[in-house]
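Letter by letter, the chains look like this.
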Amino acid sequence: MTTTTSSRGRRRAPSRMSRAAGKAATLQKPRVILALLLLGLLTSVMLLDGYLRAEVGGDERIRTGASADQVPDEVIEGGPILRFRDGRAQSVSVPDKTIVLTFDDGPDPTWTPQVLKILEENDVPGTFFLVGSMVARNPGIVKDLVDQGSEVGIHTFTHVDLSYQSSERVTREIEQTQLALAGAAGITTTLFRAPYSSQPDAIDDYSWPIYKELGEQGYTSVFVDTDSFDWKTPGASKIVASATPETGKGASVLFHDAGGDRSETVKALPEYIKKMKALGYTFTTVSGATQKARSEAREAAGTAAGTEQDANGAQPGGEQTGGLPPGAALREGANSLQAAHRTATGTTLYEGKALVAAVAVAEWTVPGLAIGLVVVGAAVIGRFVMMLILARRHYRLRNRHGFSWGPAVTGPVSVIVPAYNEKECIANTLKSLAQSTHPIEIIVVDDGSTDNTSEIAESLGMPNVRVIRQENAGKPAALNNGVRNARYDIVVMMDGDTVFEADTVEQLVQPFADPRIGAVAGNAKVGNRGTVIGAWQHIEYVMGFNLDRRMYDLLRCMPTIPGAIGAFRRDAVLEVGGMSEDTLAEDTDITIAMHRAGWKVVYQEHAKAWTEAPGSLTQLWSQRYRWSYGTMQALWKHRKSLTDKGPSGRFGRVGMPLVVIFQIVTPVFTPLIDVFTVYSMVFIDFKSALIAWLAVLAVQLICAAYAFRLDRERYRYLLMMPLQQLAYRQMMYLVLIHSCVTALTGGRLRWQKLKRTGEVGTPAGAGR
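As the structure is a computational prediction, the values presented were derived from the model and not from experiment. (Residues numbered from 1 in each chain as written. Predicted model: local features only at pLDDT ≥ 70, side-chain atom pairs only at ≥ 80, totals over all residues. Heavy atoms only, no water.)

### Thoughts on the environment of Glu-175
Definition in use: Every helix listed is a DSSP run of H or I at least four residues long, and every strand listed is a run of E at least two residues long, numbered separately from the N terminus. Each residue gets one of three labels from its accessible area relative to the maximum for its type: buried under 20%, exposed over 50%, partly exposed in between, using a 1.4 Å probe on protein chains only.
Locating Glu-175 in the fold gives a position in helix α7 (residues 167-185). Its relative accessible area of 49% is what places Glu-175 among the partly exposed residues. Considering only alpha carbons, one finds Glu-175 and Ile-154, 21 residues apart in sequence, at a separation of 9.7 Å.

In structure tokens, the structure reads:
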């Protein structure tokens, strides 16, 4: 046992990461919250889009055959325009020789503009009963419609049968449509038509209270007395015939400008208009028909009746000021054909604009996410296929009979063990090294421990162990100190909580028989796999890390030599400047630097190390956050390799894109699969979504099973994989998003110490 004090024992100035530690600790929590907010925002956008498409909160029930005992006879037998005055229903019929063209279910980006063009060409107005969700998605069409002189009414927000809905849902359907109109065209309206309504005699005891309530709020309910039946797509000629009222009679005629293929409607409409004009009919809106009916009534009843009606506060369009929807004001500059329109002001206007803006975001975002989902899904499946093919090839290549790296490497090597407060683990680590079948010297670099780590190492009395003490400077500094003090040309680096098998070092150094090889990655395994968290990490290590390394090895672009077990040529480490403090992932940093310097980096599956994985979710988050953020730092640091020539350029144009795609971009967007799956299960098709999720899980299980087979691991741990997909993977997504946010905001973190238990005592025990 030899104890030395580092020549760097003098207190050194804080490193850049140390200086930023305080700031980073302060910023970490807000970044976690921001990561959660981003995921929440994504979910909210999807829910909004689903609500607009009636996938969320949709109700396809339609009531038929209900009793109408409570509906007054004068309403059932009255005209298609229903208003309320002082609690009394008043029906208005369309005057003779007058047509009110009404269009339901729009606006539609395909058919509504064509209908508007026909109306404009024939100088005819229309009344459009709009679905609020369609208004929010097509605000420009609504504005054009209003500017052209047509009138609009409410057709609910999601086109549901209101007779099945609660009073709160009815109110919400109306208010949300008003907001959509305010945001799209700066107006609200007093006209209403219920979905699935037809003639007044179809009003039943379930819908009547709704009409009464809306009437008391100042709304005019509009029905039809002539149906074109264009929704049956019977052909243009039959549509024209069905829409023609009895000779000389006025009519509220129903057409549709949305809800399906309306090509027959577009073809029939100009023919119909020309036919009715030839018969002496005029065209107007609901408000125009109401005013015309009132004028005729005044002429018939005399001036006295008109004066009395004016005294009761009648307004143009037949609405009383006191009966208007709250906050409504007559639309400034509105013509008599748009008397039902009110200018949107105040919060209604701004909330409406916010709704339209939010819908626009959802309209662009969700299709983009869907495309991203396809891309991510293809990338995930492609990665699995690539891993399976290359891992199989790697296994056969390295395990074929007669394979050799070259002449056996038998010379002694230096094993460097950086240690900071490793009292629980250091003894087990050194005892495992004492069983090595390869000659080694052990250098324990105590990085300013405060728990007697160095004293424990010295107390073991091992003759080939040197303990070097230094002021706390971080793991990279400790490793560099060990490299400088190493006596041999090959240095093995390991963590202070890791134990080696007896032949680990011997297996690890054999690739150095090839003089082109500068570094070797070993096979790190989770020793404390007895817990749920440990089992999840065990699956990840075998399937993710080690299967990946087989693939990267064949592609000659290994991105990371694990800190738990790696070997280097000492001269190569010094050539690239040693372990850098520029990033949190010093192992990734040094590996990329070796590639750029022209050295080959390979994976030795037979060199096994048992490491103690984090035992709690908090520690796991901390470790993976450091890993993912450090990887991003290392990639950014070596970004110039993208344009380099030679080995550096090879890594930059092969290895770096693979790491970015498979370890950053794809995992960041992979939550789309889970979010869309949950969304589909809840709102669209539970069975199909479940089958799709199980299919993806089956592919992952196949890959994991093959990885376990190659590593000769027990398959029973794969029983934890479904639960891993539901819980563990989601946490890893949040960690990666957190890391991306940190990288984008320029935060820095220091190297973090995890709490150890020392339960990974021996390789045999670790393998249980």
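So that's the structure; there's more coming.
### Regarding the nonpolar core
The condition that has to hold: Nonpolar core, defined: a set of buried Ala, Val, Leu, Ile, Met, Phe, Trp, Tyr and Cys residues in which side-chain atoms within 4.5 Å join the residues together. Contacts: residue pairs with any heavy atoms within 4.5 Å of one another.
Among the nonpolar cores identified, the biggest contains 59 residues, and Ile-99, Leu-101, Leu-119, Phe-255, Leu-269 and Tyr-272 are the most heavily contacted of them. Excluding its chain neighbours within four sequence positions, the residues that come into contact with Ile-99 are Pro-245, Ala-251, Val-253, Tyr-272, Met-276, Tyr-281, Thr-282, Phe-283 and Thr-284.

### Focus: the pattern of salt bridges
Between side chains of opposite charge, pairing is possible as soon as their charged atoms come close. Applied cut-off: By definition, a salt bridge exists where a carboxyl oxygen of Asp or Glu is found within 4 Å of a side-chain nitrogen of Lys or Arg.
Throughout the structure, instances matching the rule amount to 19 salt bridges. Taking the shortest distance from any N to any O, the salt bridge between Arg-193 and Asp-104 comes out at 2.8 Å. Residue Arg-193 is located in the loop between β8 (191-192) and α8 (208-216), and its partner Asp-104 is located in strand β4 (residues 98-106); the two are separated by 89 residues in the primary sequence. Judged by its relative accessible area of 5%, Asp-104 falls in the buried class. What you see here is one network of salt bridges that share partners, running through Lys-525, Arg-529, Arg-550, Glu-605, Asp-711 and Glu-713.

### Some details on unusual backbone geometry
In this chain, Gly-106 is followed by Pro-107 through a cis amide linkage whose omega measures 0°. Note that Pro-107 resides in the loop between β4 and α4 (112-121). One non-glycine residue, Asp-86, lies in the positive phi region at around 55°. Residue position: Asp-86 is located in the loop between β2 (81-85) and β3 (88-92). You will see that Asn-421, though not glycine, has its phi angle at about 55°, which is positive. Its location among the elements puts Asn-421 in the loop between β16 (413-419) and α14 (426-434).

### A short note on the pairing of strand β21 (residues 517-526)
Note the threshold: Two strands qualify as a pair provided DSSP detects at least 2 bridges between them.
Counting buried positions along β21 gives 10 out of 10 residues, so the element sits mostly inside the fold. Strand direction decides the pairing type here: β21 and strand β23 (residues 600-611), joined by 8 bridges, are parallel. Looking across to β23, one finds that Val-520 is bridged to Val-602. Relative to strand β22 (residues 566-569), β21 runs antiparallel, the two being bridged by 3 bridges. Along β22, the bridge assignment pairs Ala-519 with Phe-568.

### Considering helix α22 (residues 646-669)
The cut-off we apply is this: One fewer than the residue count of a helix, multiplied by 1.5 Å, yields its expected span. Two axes define the bend at a residue: one fitted to the seven residues ending there, one fitted to the seven starting there, and the bend is the angle between them.
If you check α22, its first and last C-alpha atoms are 33 Å apart, about what 24 residues at 1.5 Å a residue would give, namely 34 Å. Considering bend angle alone, the principal kink of α22 is centred on Ile-661 and spans about 35°. Restricting attention to buried positions, one finds in α22 the residues Ser-648, Gly-649, Phe-651, Gly-652, Gly-655, Met-656, Leu-658, Val-659, Phe-662, Ile-664, Thr-666 and Pro-667.

### Here we look at the packing of helix α20 (residues 586-596) against α22
Each packed pair of helices is defined by two parameters, the angle between the axes and the distance between the axes. Rule in force here: Axes here refer to lines fitted to C-alpha atoms; in helices the fit is confined to the stretch in contact. Angles between the N-to-C directions go from 0 to 180 degrees. Roughly parallel here means an angle under 35 degrees, roughly antiparallel means over 145, roughly perpendicular means 65 to 115, and every remaining angle is called oblique.
Running from N to C, α20 and α22 cross one another at 130°; their axes reach a closest spacing of 7 Å. As summarised for this structure, α20 and α22 are arranged oblique, according to the angle between their axes. Across the interface between the two elements, Ile-592, His-595 and Arg-596 from α20 touch Pro-647, Ser-648 and Phe-651 from α22.

### Observations concerning the confidence of the model for the chain
The condition that has to hold: Looking at any residue, its pLDDT shows the predictor's confidence there, from 0 to 100.
Looking at the chain as a whole, its pLDDT mean stands at 83, while 84% of the residues score no less than 70. Here residues 304-333 is a poorly scored stretch, pLDDT under 50, and it has 55 contacts once near neighbours within four places are set aside; other chains count.

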